[in-house]
Amino acid sequence: MGEINKKQNDWDSAKVSREPIKTLEDKWKLVPSFLQVKGLVKQHIDSFNYFINVEIKKIVQANEKVFCDADPLFYIKYLNAYVGTPDLEEGYNVTKPTTPHECRLRDMTYSAPITVDIEYIRGNQRVIKNKQLIGRMPLMLRSSNCVLTNKSDFELAQLNECPHDPGGYFIIRGQEKVILIQEQLSRNRMIVDEFKGAIQCQVTSSTHEKKTRTNVIVKNGKYVLRHNALSDDIPIAVAFKAMGICSDQEIMQLIGTDDTSMKKMAPCIMDCHNLKIFTQNQALSYIGSKLKVKRFQSGTAKVRTPVDEARDLLATTILAHVTVENYNFYVKAIYLAIMVKRVIEAETNKAAIDDPDYYGNKRLELAGSLLALMFEDLFKRFNWELKSIADKIIPKVKAAPFDVVKHMRPDLIANGLFAAISTGNWTIKRFKMERHGVTQVLSRLSYISALGMMTRVNSQFEKTRKVSGPRSLQPSQWGMLCPSDTPEGEACGLVKNLALMTHITTECSEEPIARLARNAGVEDVRLLGGEEINHPAVYMVFLNGNILGVSRQYKRLIKVFRMFRRRGLISAFVSIYPNHNQRTVYICSDGGRLCRPYIIVEKGNPLVQQSHINELNRGIRKFQDFLNDGLIEYLDVNEENDSHIATVEQEVDPYVTTHLEIEPFTILGVCAGLVPYPHHNQSPRNTYQCAMGKQAMGTIGYNQKNRIDTLMYNLVYPQCPMVKTRTIELTNFDKLPAGQNATVAVMSYSGYDIEDALILNRASIDRGYGRCLIYKSAKTTMKRYSNQTSDRILGPSRDATTGKVIRAHEILDTDGIAAPGEMVENRQVLINKQMPPATLNPVTQGQPQQVDYKDVPVTYKGPVESYIEKVMVSSNSEDAFLIKILLRQTRVPEIGDKFSSRHGQKGVTGLIVQQEDMPFNDRGICPDMIMNPHGFPSRMTVGKTIELLAGKAGLVEGKFHYGTAFGGSKVRDVCQELEKHGYNYHGKDIFYSGITGETLEAYIYSGPVYYQKLKHMVQDKMHARARGPRAVLTRQPTEGRSRDGGLRLGEMERDCLIGYGASMLLMERLMLASDAFSADICGACGRLASRAWCHACHSSAAVSSVEMPYACKLLFQELASMNIIPKLTLKKYC
Amino acid sequence: MPLKDEKPRLFLEEFRVKNAPNDYGMADEKWSFKKFTKKFRIVIVRMDNFEMEFDLIGIQPAFANAFRRLMLSEVPSMAIEKVMIRNNTSIIQDEVLAHRLGLIPLKADPRLFEYRPEDATAGTEFDTLEFTMKVKCTVNKSQPKDSYRAEDLYENHSVYSSQMKWQPMGNQASVHKEADIGPVHPDILVSKMRPGHELDLSLVAVKGIGKDHAKFSPVATASYRLLPEVTLTREVRGSEATLLQSCFAPGVIGIDSEGRAYVRDARYDTCSRNVYRYDEIKDAVVLSRVRDHFIFNVESVGALQPNVIFVEAVKILRDKCKSFLDELNKFN
């Protein structure tokens, strides 16, 4: 007792004498250091690299042999597979190395050849052929085989590439495509959940061959096994017996011999007795009788007994990931017993039910694994095709021996991969997998939108279902997924974004881990009975969802593993964590887990010391060194939950803390990282900004002038924000900005500023504020047709009488393509292309035939003229001429253009005011923009007010302030800076009215705020019509601005008119202004007559013409066509 | 707050600007020319070619503001309005280039020119100045070794405003001196170029007013402020005095040998009102501004001297009044 007291005292005194841990200065510099190695899109690139360098070889190896039914000696064996460097096929067997930019411009696919080394039988010789082309692999930019990797900025510039471009996307037919990160439940893990009130334990097994789902569910108080391959549920005891656990005692020992388990299992055991199943054979034949009848039984396969079928099913399909050797089902039986145990536990203890939304139970699928699935499928099909060709040709007698290499078509794999990426449809019949929208076109609206897209995580959950669970913010998202960046509306909470420091694991080999575990005292379960396995002192150890064994000293096991990981003896991404309720230890080395780095804390001291940071500052230490020295380690979501992590140094508790957060701002993602002082804002505002940052125009990359995109928005004078954040610097937003610092006065002015409208200063606009460039491109190809004709381009046509070039062709050069620098107006021709008629007689070959070409010019449409920036003439992958024209417009802000600050505060320009009318302050400064103060109280965007202060202080001090989340310049310091320079401490200045010249009664809060110009501009939206096109069927005006449509007087507007009683106006709007039609009606029979002649009455005597909507006449005719005759009764009314 | 003299004042309170009690603004005052001439004074405080500070004392804000507005938007100046682009192979877009050129301040006395008639297609020597700009970027043949600086590698890699060349029209060469025409600042960067890039432009400058485009405004800014006044209502000494001193711009509050604070010169106070942050000295001062004492600050862009700009503004106001009176007289 005394001993204990003394110890306690020691501890207390230790606590008292302990000095508070010093805050590490510049700890945030670990973040750029991390990003330097990992990059923002490293997940994608890592995963793709793993695929093309490792996994593709594994896949080829797994399907290495192709046999042929016709010749038992014939075989093809794949020895190795490689993915080459990107090139273009220029004609037959001629290739040329290419660059991503060339592919973008020429509408090509950035891809590399897939070659294999094969060994096969030709005639009766064994032949080895190396570097045989079997397909093409679209290459991810900046992956290991891409030309851009490990290039300096200068070299990248020579390749026309922006050094800040993150890469991680593909270029398919000139289009940049991203394979979004897909989120799904983890495979090969037991998940206990409640489904319609019944507890079930579900395992989705996934191996290279099979994907199946096995359930243990409670049915009428009994446990049953449910599987897709079985037509009926199998009582659990039968399943055990089929696996060779025939004695009831053994079954119970596996599940557990405590009272509850015994009580719950009793009916199941009874059930089995009632079915009179006692032996394994009986059980197997019972299962055999419940097999689903396969419809496509391969005829030649030997007919097997149901018992064999059932045994096979149990071995390979049910719980497919638990491997069975020599039909020894013992491990699988233990696995099944654990499933039953989980269900029993969950029945009494609701807390044991797993949360399917918990991120520890989720895996993220990246481009590499998705492509691997697709490639394996295509490769299997490729082999199957080779086999069927061999089957067909080998029996035939030929001059030359059958050479299978000549029948290898690389198109199959190439086109399969290209089509999958370009459509985003991932259809793999083998796994009954059909997914749409896996890929998206990389949005190049702004640099941030492209970057934001690369970190996007797409959930497999249906968007239409109204369940809040999967959409709500999960506590386990902390640090892994950005809490702010999600869209509003239907995809809310389903589409997420990675946080700044998140890493997604790629899988690493299980074998060394298993070996290590065994050495650390994990005993093989195959040698143990149920009683030992379920002993309370023993923890079961799982490796990637498979039973590895049991451990008597789980704490030691975990310690050993963590030590090994920190020493770098096993992969840094292996995680190990206990689950005390289940008395298990899980070891994970699979791919797709979310993880992030933490500083290790030992005995209350962070291992990263100031000296380390200083070394980092001096550049002699890299992030990898921190990992190698065991100062920092990666934790995945599950292990994170087994750790005690301090957010800041002050929180470190020497007795419990195991880790320290590197920087709290890294819980936010790329888009939310742009917001200054986000921790002062109401949270939805940050979410709004995340959506709006992607619509802001600015710069998209250093190579923006070399690109020919269909649509590109640029700012003429983009600026770096006065108030930066660390994330802005890390993402290089300060080098590729999208916005301008506007001097804002928060006051009301003129009344044109209600509802978030902004007032702009005319002089600011004159001097270049908000000026933007809009690039659009027009494109055409000159096709060659099979009948020896092709499209052609003619020079400008001239007026027959005056000899002058006609107006539509005024801007054409002599080659028939618009000249660079010219101004194009509406309906002018950009490319004077002509096409031969489609049906041409190909018989008269030889002599050139007289062909009537049809004009198919590429014309310019738009109310405002554009200028031609440049013209590109090239050829595309089909060897056709490709002509691209880049058009440019310069736009100046006008009333109705949309602007937004970085705090989710958007507004349209309400008024543009002359400079002399703007208020001005003592120093003669007049604001660029006036914002109404009513925008603040309800939005609670305090961050914006602080941004203004910090920006103003930055101006007077000549430096940038930081508004980094959970940190940044303090308001107190900022205000003191203002005071130092003679400004009001609160940022409020005296202003004079520009109109009356008198002092304004209130002090005006004013200073610079970073404003983004959003892509929504009135010029693209303005629309009005008096007369115009009509739909053919109904003769009503067309719909929509693009078709010059009418403005709809809708149902509610109609209701108003009815309520008011404006019947003539109603008539005018709904009929006369729409589809008035004078129909001939026969007064005698009431039917429609045609041309004043009633076909029913054979007379024109009673025909009179009635004004009605054309839609009404159409309805009558449609009704008549289905044997309903509407009749009109006509009456004279005046 | 009763102050000794009769000056109309605005009081800068902690949260608002307030008129003196019984002061209903000068709009209500009956205006008499005699009274005005007696009171009205102009004091020029500071002046050089680009900037002038002067006081208008004893004038209504409407007048002071009218002069300010006129200087900003109606006093004419010359600026490049049209850019004929024969060749532009630089990366800067034609429109942007033209816009940048337009904003270059030109030193040409606008009083010597006329407005170009709206329907005129071509300019005349009386209303137009023509410049050309012909720049071609080339590789510097005599480049020093081991240098990768753009200025060593290339010739003409930056285009500056000084590269505009005046092309006198008609008789212009004899009327204007070469030194009087051209950009005010020779070092305004117009564009950056690389070998192969070329600019061949002719620039047409016309006379215009700031109302049409900010580039025609002869001033960078012209604004005024009211004369600040600081009055101490009680004795402040010791540490409070230094605190008080720190709340104002340097030189506003002085401390005498006995440690007492006194108002030295409030003219250059920034009116930051930071004194209200300290409860202990809050009550010791009254901040106010003299309502009819306008401290004007005119920053010329360089074409005209600031005093000339002001006089021009006054002339414009006079002409406006005259034409208004003429219009009124027509009806009588």
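Going by the annotation in an unreviewed UniProt entry, the name recorded for chain B is DNA-directed RNA polymerases I and III subunit RPAC1, with Spodoptera frugiperda given as the source organism. Listed under Sequence similarities (unreviewed entry) in UniProt, the entry text for chain B is "Belongs to the archaeal Rpo3/eukaryotic RPB3 RNA polymerase subunit family." The UniProt entry for chain B carries this comment under Subcellular location (unreviewed entry): "Nucleus".

As recorded by an unreviewed UniProt entry, chain A carries the name DNA-directed RNA polymerase subunit beta and is attributed to Spodoptera frugiperda. In UniProt, chain A has this text filed under Sequence similarities (unreviewed entry): "Belongs to the RNA polymerase beta chain family."

Topic: the overall build of chain B
When helices and strands are counted, chain B shows eight helices and 16 strands. Taking 20 Å as the expected radius of gyration for a compact globule of 332 residues, we find that chain B reaches 27 Å, considerably beyond that expectation. Overall, chain B is about 75 × 75 × 30 Å in size when its C-alpha atoms are taken along their principal axes. Residue burial in chain B is summarised as follows: out of 332 residues, 48% are buried. Intrachain contacts of chain B at a sequence separation of at least 6 include 75% that bridge at least 24 residues. As presented, chain B carries roughly 17500 Å² of accessible surface, and 53% of it is formed by carbon and sulfur atoms.

Focus on the domain arrangement of chain B
All names here are of chain B. What the domain assignment lists for chain B is domain 1 (9-74 + 221-233 + 284-297) and domain 2 (78-213). Here domain 1 and domain 2 have C-alpha centroids that lie 41 Å from each other. Listed by partner, the interface residues are four residues for domain 1 and five residues for domain 2. Between domain 1 and domain 2 the total buried area reaches about 320 Å² when both faces are included, carbon and sulfur atoms providing 59% of it. Among the residues domain 1 hides against domain 2, the three largest losses belong to Phe50, Ser73 and Glu74. Together they make up 93% of the total.

A closer look at the packing of aromatic side chains
All names here are of chain A. What the rule picks out here adds up to 28 aromatic pairs over all chains. Arranged with centres 5.4 Å apart and planes meeting at 75°, the rings of Phe48 and Phe170 form a pair that is edge-to-face. Of this pair, Phe48 sits in helix α3 (residues 42-62) while Phe170 sits in strand β7 (residues 170-172), and the two are 122 residues apart along the sequence. Of the residues examined, Phe48 reaches a relative accessible area of 0% and is grouped as buried. According to the relative accessible area criterion, Phe170 is buried, its value standing at 0%.

What to know about the environment of Leu336(A)
All names here are of chain A. With respect to the element layout, Leu336 can be found in helix α11 (residues 330-348). Classification of Leu336 by relative accessible area gives buried; the value is 0%. Separated by 82 residues in the primary sequence, Leu336 and Phe418 have C-alpha atoms spaced 42 Å apart. Ignoring any residue separated from it by four or fewer positions in sequence, one finds Leu336 in contact with Val216, Leu225, Ile236, Ala239, Phe240, Met243 and Leu319.

A closer look at the interface of chain A and chain B
With 45 residues of chain A at the interface, the matching set in chain B holds 41 residues. Contact between chain A and chain B buries roughly 3500 Å² in total, counting both sides, with carbon and sulfur atoms accounting for 45%. Contact with chain B buries surface across chain A, with Asp766(A), Glu916(A) and Tyr1003(A) losing the most and accounting together for 18% of the total. Ionic pairing is found between Glu95(B) and Arg888(A), a salt bridge with its closest N-O pair at 2.1 Å. At the junction of chain A and chain B, the tally comes to 30 residue pairs in polar contact (both at pLDDT 80 or more). At the level of secondary structure, the elements contributing two or more residues to the side of chain A that touches chain B comprise α23 (762-766), β36 (772-782), β43 (866-875), β44 (881-891), β47 (920-921) and β50 (988-989) of chain A. For the side of chain A that touches chain B, the element with the most residues is β44(A), which contributes three residues. Among the residues making up the side of chain A that touches chain B, the classes are represented as 15 nonpolar, 15 polar and 15 charged.

What about the sheet that holds strand β55 (residues 1103-1109) of chain A?
Residue and element names in this part refer to chain A. The strand order across the open sheet formed by three strands is β54-β53-β55, and the pairing between neighbours is antiparallel. If you trace the sheet from one side to the other, it starts and ends with β54 (1088-1089) and β55, each paired once. Direction of pairing for strand β53 (residues 1076-1082) relative to β54: antiparallel, over a ladder of two bridges. Within the sheet, the bridge partner assigned to Asp1080 lies in β54 and is Ala1089. Along the sheet, helix α28 (residues 1063-1072) makes contact with β53 and β55, crossing β55 at roughly 90°.

Remarks on the packing of helix α9 (residues 280-289) of chain A against helix α10 (residues 306-317) of chain A
Each pair of packed helices gets described by two things: the angle between the helix axes and the distance between those axes. Residue and element names in this part refer to chain A. Put simply, α9 and α10 touch, their axes get as near as 8 Å, and they point 90° apart. As the angle between them shows, α9 and α10 are arranged roughly perpendicular. Contact with α9, carried on its side by Asn281, Leu284, Ser285, Ile287 and Gly288, involves Pro306, Val307, Ala310, Arg311 and Leu314 of α10 and no other residues of that element. Along the lines of polarity and charge, the residues of the contact of α9 with α10 split into six nonpolar, three polar and one charged.

Things to note about the UniProt feature "domain: DNA-directed RNA polymerase RpoA/D/Rpb3-type" (unreviewed entry) in chain B
Per the UniProt record, the feature "domain: DNA-directed RNA polymerase RpoA/D/Rpb3-type" (unreviewed entry) sits at residues 51-327 of chain B. For residues 51-327 of chain B, the end-to-end C-alpha separation is 37 Å, with 23% helix and 32% strand making up the annotated structure.

What to know about the pattern of salt bridges
All names here are of chain A. Enumeration over the complete set of coordinates arrives at 94 salt bridges over all chains. Arg104 is the partner of Glu176 in a salt bridge, and the nearest nitrogen-oxygen pair spans 2.6 Å. With Glu176 in strand β8 (residues 175-179) and Arg104 in helix α4 (residues 100-106), the pair connects residues that are 72 residues apart, well separated along the chain. Among the charged side chains, a network of salt bridges with common partners joins Arg104, Glu161, Asp165, Glu176, Arg444, Arg707 and Asp709.

Here is what the cut-offs are and how they apply
Residues numbered from 1 in each chain as written. Chains lettered and ligands numbered in written order. Predicted model: local features only at pLDDT ≥ 70, side-chain atom pairs only at ≥ 80, totals over all residues. Heavy atoms only, no water. UniProt positions renumbered as here; feature names shortened; annotations may be inferred. Helix = DSSP H or I, 4+ residues; strand = E, 2+ residues; numbered from the N terminus. Rg over C-alpha atoms; globule rule 2.2 N^0.38 Å. Buried < 20%, exposed > 50% of the residue type's maximum accessible area, 1.4 Å probe, protein only. Contact = heavy atoms within 4.5 Å. Areas by Shrake-Rupley, 256 points an atom, 1.4 Å probe, with all protein chains shown as cover. Domains from an automatic or database assignment. Buried area = accessible area lost by both parts, 1.4 Å probe. Phe/Tyr/Trp six-rings, centres within 6.5 Å; stacked < 30°, edge-to-face > 60°. Salt bridge = Lys/Arg side-chain N within 4 Å of Asp/Glu carboxyl O. Polar contact = N/O pair within 3.5 Å; in protein donor to acceptor, adjacent residues only side chain to side chain. Nonpolar A, V, L, I, M, F, W, Y, C, P; charged D, E, K, R; others polar. Pairing = 2+ DSSP bridges. Axes fitted to C-alpha atoms, helices over the stretch in contact; angles between N-to-C directions. Parallel < 35°, antiparallel > 145°, perpendicular 65-115°, else oblique.

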